[in-house]
Every structure is written in structure tokens, then in C-alpha cells.
Amino acid sequence: MSIVLYNTLSARKEVFEPLQPDRVTMYVCGPTVYNLAHIGNARPVVVFDVLFRLLQTQYREVIYARNITDVDDKIIAAARDSGRSIEDVTAEFTNKYREDMAALNALPPTLEPHATHHIDGMIALTETLLAKGHAYVSEGHVLFAVESMPDYGRLSGRSLDDMLAGARVEVADYKRHPGDFVLWKPAAAEDPGWDSPWGRGRPGWHLECSAMIRAHLGETIDIHGGGRDLIFPHHENEIAQSRCAHGGDYVRYWMHNAYLDIDGEKMSKSLGNFRTVRELLAHYRGEVLRFALLSAHYRSPLNFSTDLLAQAEANLGGFYTALRGVQDVPVPESDDIDLSAEGFYCALEDDLNTPLAIAELHALAKQLHKAAEADKPRLKARLLAAGKLLGILQQEPEAWLQGGAAADDIAPEAIEALIAERQAAKQDRDFARADAIRQQLLDAGVELEDGREGTLWRRA
RNA sequence: GGCUCGGUGGCAGAGUGGUUAUGCAGCGGAUUGCAAAUCCGUCAACGCCGGUUCGAUUCCGACCCGAGCCUCCA
């Protein structure tokens, strides 16, 4: 029973072993709080939430930190454009981010450090890098000298020569090497800034993660995650800063999720297919969005479409239908489930193979439908345990099936009344009337299921 | 141009050197007053060309196509 993770650094799957036997440290790059989170932002949150849940089944202590970037050019611009204060903007979008991620059943991280609370640490880190000859001051900026680090570029698999060859951006003339990046930059008088040995300024983008990891998790952490696009330059530069300042390994397992597309196209503002989580939540329940995000492996591109969401909805409906069938079956203590023997668990242990895990849920649901009464409690417990690990299936089945997008169309009381009327019609063998009611409800988005113990209904 | 990753049945999406992925959709059947749900059965795939092999979708090479990164970006 061991977790295997794909490590970007080695470009292969590795058996996961934390630095300390019963304690895991994990850091995931969080949002820059200047606008609403989009569905692409939600992918790493959901993926690493599953990892967080998985790790907690094996390790006594799992410290999961996800930062809030609350100082950044885009924030300054957003505040200026809306005539609001920086604090006002960052507070609003920090809160909305938390709400949106909670709606996706993402557990709150253990720690949520804010960049602006760690300016001292960033200045100290910069001073260390200067003292060790890895950084230099130029025209008010402090820059990291990439040539001072022999294996710079290892994470992203590129050399300084490659980068020179591929340079397509004009190089600022205060840089010694085009790859040098800003640790500290001067702040305009009207912009937020902090006093430093190099004048009033603010930190470069990469610095905060290095400083906050050092402050909260130590010099070497087990897992660092984020989107693929962060491999270079962000994570490469974090490595450079932290390893040159502190030595050691910095991060033992680097994990990166692939992008998602919208209807086959890259999501972008210019294409007009930018989908915020908040907007999607108006049409789909968070659990549906979450399931859709988990329906492909995290390292594969995922095409986010209405079709995908419909499939997610259908899959979840199927699981909840299976659970509804055993609503009154008591669940034994979930603690006595041997996870290591469970297919869904082994699937997740293998680099978070969520599609395979979901296939195992289908197998469990099928068994549950066919099970003898005596076997149902155990199967129900196993299905619920699997759902819990994925962050789904924890609602009351009846509530789930009767909720959904069409929930405003017709009230439950009206549905129940029509069902009663139809029941009476059936007693009188007035099937024409009974079928008319069925059709009427179907038109309102409600499907009826006649069973031995009465009629159940669900939103279609 | 440099670096990296992919191309699986109608769709989504795992996986494997030789045996059913799974789900949705379709088709046939059971069940139902009719349905739904459920069950049983069924159809169908591994970009192209070579190579290695007793055997390749799986390994190797070329090619075609697609995606990402190259200092805004999950």
C-alpha cells in the first residue's frame, strides 16, 4: 500500500515517501485575488483536494498550504480601474474564491498564507541571495542571476542556451542575462510598497511562494503542485531562489495538472469562452462540476463542455440512484473498510487515476443493485467511502435526485399532489389520466418511478 | 526556432506485449397497465508507415496531426 506520484522533476512515476514518516507537507499555488476564479483555476484545487484526502488516509499529519497572492500588478490595475482600495479588492475576491472552492467540495487547506503577510521573509530571502552572490542590484531592482546556478532549468528541461535561442521578448537592459528574474522591484509612489534595503518596493512574483514555504513548511517540502504553465518560469524560479538560499532539495515531488479547454478551444477572454466557477454554479451543482473535473486524469487535457457536464450529471445520478435503493440500510463503521483492498483506492494511489477510480464506483454501484440484503450494508459503506475520498456522494440521495437545475420549475408539494392524484387514477384503472399526469410532470422536468412501496420522483 | 506532451470504439475516457476497461449513446431481451429504475445480452477502437517479436494498440524509428511552455496565465 503505497502512493505513486508522477514527479515532473524526474518525468516519471515515483513511490511517494515523505521526508518524515508520518507527516506530509504539501503546497499548491493559489489564486491571485483580482477577479473570480474560472473553471480552469478549479482544476488543481479539486485534484489536489483528492490528493489531500488520500494522503490523510495514510499519514497522521498532512499540512496542506495554499497561498493567496494579494500583491500583484493585476490587482493594482483592478483596484485602479474600479476606484477601490487594494484591500477592498483582495478581500472580496479572497472570500469569493473560498466560497466557490467550498461549493466544489474542496476542503479548506490547512494553511492559507497571504503574500502581504510575508514581506519580511521575502526581503530576508533576497538579502541571503545577494550575500551568497546569486543576486545583484541593478537600477533599483534586485535580480536573480540565473548563471550563478549550475543546474538552473532542470525542472522545465531547458538550458540557458535554449532560452537564449528561443527568446522572443525584448530583454530589459538592466538584466545581465536575459533569464534573470526580478526578486524585488521599485514601487511607484501611488502603488503599494514596502520599505527595503533597496528602497520602497514590492516583491517579484516568484518570491512569495519560496518565502511562505520556508516560513510555514520548512526548507524542504514533500509536494508542490500547480498548473502545467507554472513549471516555467514560476516553479523553476522558486527552485532557484530557495535552493540557492537554503541549499537542500526545496521540493521532493513536483506535480502539475494539465489545462482544460472549453468546447475544444483554449479558454481565453478574447474567445469569449471564459467560464467562471460562479457562473457555472448558477446552472450546475458544485458536485457536478467537481465530478466533471475528475472525469479525466489530471495530467491529461480535459475538454470542458456541456456534454461533459451532462455526463457528469448522469453518472452522479446513477450513483445516487443506487444509494437511494439502500437509503434505509444502516452503514457499518467506515473505519473497518480495508482501503488497500479496494479498487478505487488502488486507482487513486496510482498517481490519482480518478477515471479508473470512477469506473470502480460503477462496479460497486452495480454490485449494490444486485446484492443480497445481507451484503448491502458493506457495499453501501464501500461506495460511500469511495465517494468520500473523491469528495462526492455525501448528500442524501433523495435530496440530490430531487434537486438540480430544474428545481425552480415546480414545487415539491405540487409534485406530491399530482402523484397522489395519479395514484388515485391508477386505483380507478383510469390509465389515461395517470399517463396524462406523468406527461405533465415530465414536461416540468420531473420523472416518476413507480415502485413496490410507492412512487418516487426525480428531476430529469 | 528550442523544450515537452499527446493522438484509443458515435462521444467521454482508462489500460495492456497475447484474455471484457468503464460510463453515456445505440441495438435486442427481461421487468412494467404504460414508463422509469434495474438486470441480461449485443455492436464497436487503438493516427500513418516501417522495425523488433511466435505475437504490438502496448516496445523502437520515421512520418502526419494536435496541444502546452519559451519570463501575464491553473
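Residues numbered from 1 in each chain as written. Chains lettered and ligands numbered in written order. Predicted model: local features only at pLDDT ≥ 70, side-chain atom pairs only at ≥ 80, totals over all residues. Heavy atoms only, no water.

1. Considerations on the state of the cysteines
The cut-off we apply is this: By convention in this document, the label disulfide applies to cysteine sulfur atom pairs within 2.5 Å. Whether a residue is buried, partly exposed or exposed follows from its accessible area with a 1.4 Å probe, protein chains only, as a fraction of its type maximum: under 20%, in between, or over 50%, in that order.
One pass over the structure, following the stated rule, counts zero disulfides. Here C29 is not cross-linked by a disulfide; its sulfur's nearest cysteine counterpart is in C209, at 4.1 Å. A relative accessible area of 15% places C29 in the buried class. Taking relative accessible area as the criterion, C209 reaches 2% and is therefore assigned buried.

2. Some thoughts on unusual backbone geometry
The criterion, for reference: Helix numbers and strand numbers start at the N terminus; a helix is a DSSP run of H or I with at least 4 residues, a strand a run of E with at least 2.
The omega torsion of the bond from F232 to P233 falls at 5°, within 30 degrees of zero and hence cis. Inspection of the secondary structure puts P233 in helix α7 (residues 231-246). Although it is not a glycine, N105 sits at a positive phi angle of roughly 65°. For N105, the location among the structural elements is in the loop between α3 (86-103) and α4 (119-131). A positive phi angle, close to 55°, is found at L352, a residue other than glycine. Turning to its location among the elements, L352 is positioned in the loop between α11 (343-349) and α12 (354-370).

3. Considerations on the packing of aromatic side chains
For any two aromatic rings, the description comes down to two numbers: the centre-to-centre distance and the angle of the planes. Applied cut-off: Two rings belonging to Phe, Tyr or Trp (six-membered ring only in the last case) form a pair when the distance between their centres is within 6.5 Å. Interplanar angles under 30 degrees mark stacking, angles over 60 mark edge-to-face geometry, and anything in between is tilted. Only lysine NZ and arginine CZ atoms are considered, and such an atom sits over a ring when it is within 6 Å of the ring centre and within 35 degrees of the ring normal.
Taken as a whole and judged by the stated rule, the model has eight aromatic pairs. Ring geometry for F144 against F181: centres 5.0 Å apart, planes inclined by 15°, an arrangement best described as stacked. On the criterion of sequence distance, the pair formed by F144 in strand β6 (residues 141-144) and F181 in strand β7 (residues 181-186) is long-range, its members being 37 residues apart. Using a relative accessible area of 0% as the deciding quantity, one classes F144 as buried. Through a chain of ring-to-ring contacts, three or more aromatic side chains come together here, namely F16, Y59 and Y253. Sitting above the plane of the F232 ring, R158 keeps its charged end 4.3 Å from the centroid.

4. Overview of the pairing of strand β5 (residues 135-138)
Quick note on the threshold: Two strands qualify as a pair provided DSSP detects at least 2 bridges between them.
Alignment of β5 against β6, held across four bridges, turns out to be antiparallel. Within β6, the position partnered with S138 by the bridge is H141. Between β5 and β6, which follow one another and run antiparallel, lie two residues, and E139 among them has a positive phi close to 50°.

5. Some remarks on the protein's contact with RNA strand B
Which entries qualify depends on this criterion: Near is defined per residue: the residue qualifies when any heavy atom it owns lies within 4 Å of the molecule or strand. Polar contacts here mean pairs of N or O atoms no more than 3.5 Å apart (in protein, one a potential hydrogen donor and the other a potential acceptor; neighbouring residues in sequence count only if both atoms are side-chain atoms). Here the term charged refers only to Asp, Glu, Lys and Arg, the term nonpolar to Ala, Val, Leu, Ile, Met, Phe, Trp, Tyr, Cys and Pro, and the term polar to all other amino acids, Gly among them.
Residues in contact with RNA strand B amount to 51 residues; listed here are only the nearest, P178, W205, G227, K370 and D435. Backbone polar atom of L260 to a base nitrogen of RNA strand B: 3.0 Å apart, as the coordinates give it. Measuring from a phosphate oxygen of RNA strand B, one finds a side-chain N or O atom of K266 at 3.3 Å. Take the surface near RNA strand B: its biggest share by element is seven residues, from α12. Class assignment for the residues of the surface near RNA strand B results in 16 nonpolar, 19 polar and 16 charged.

6. Focus on the nonpolar core
Put simply, the rule is: Joining through side-chain atoms within 4.5 Å is the link that ties buried Ala, Val, Leu, Ile, Met, Phe, Trp, Tyr and Cys residues into a set, and such a set is a nonpolar core. Each domain's extent is set by a domain assignment, obtained either automatically or from a database. Here, residues are in contact when the closest pair of their heavy atoms is within 4.5 Å.
Counting 75 residues, the largest nonpolar core has I39, L51, L55, I223 and F304 as the members making the most contacts within it. Considering each element in turn, this core owes the most residues, eleven residues, to helix α1 (residues 39-56). Counting contributing residues, this core receives three or more from each of domain 1 (4-257) and domain 2 (276-400). Ignoring sequence-local partners within four residues, the contact set of I223 consists of L5, F16, V24, T25, M26, Y27, L51, L55, V251, Y253 and M255. Counting residues in hydrophobic clusters, the runner-up holds 39 residues, among them Y152, A211, L230 and I231.

7. Some thoughts on the pairing of strand β1 (residues 4-7)
Along any regular strand the residues' side chains alternate between the sheet's two faces. Bridge count between β1 and strand β2 (residues 12-15): four bridges; the pairing is antiparallel. In the sheet register, N7 faces β2, and the bridge partner there is R12. The hairpin turn running from β1 into β2, its antiparallel successor, is four residues long, and A11 in that turn takes a positive phi close to 60°.

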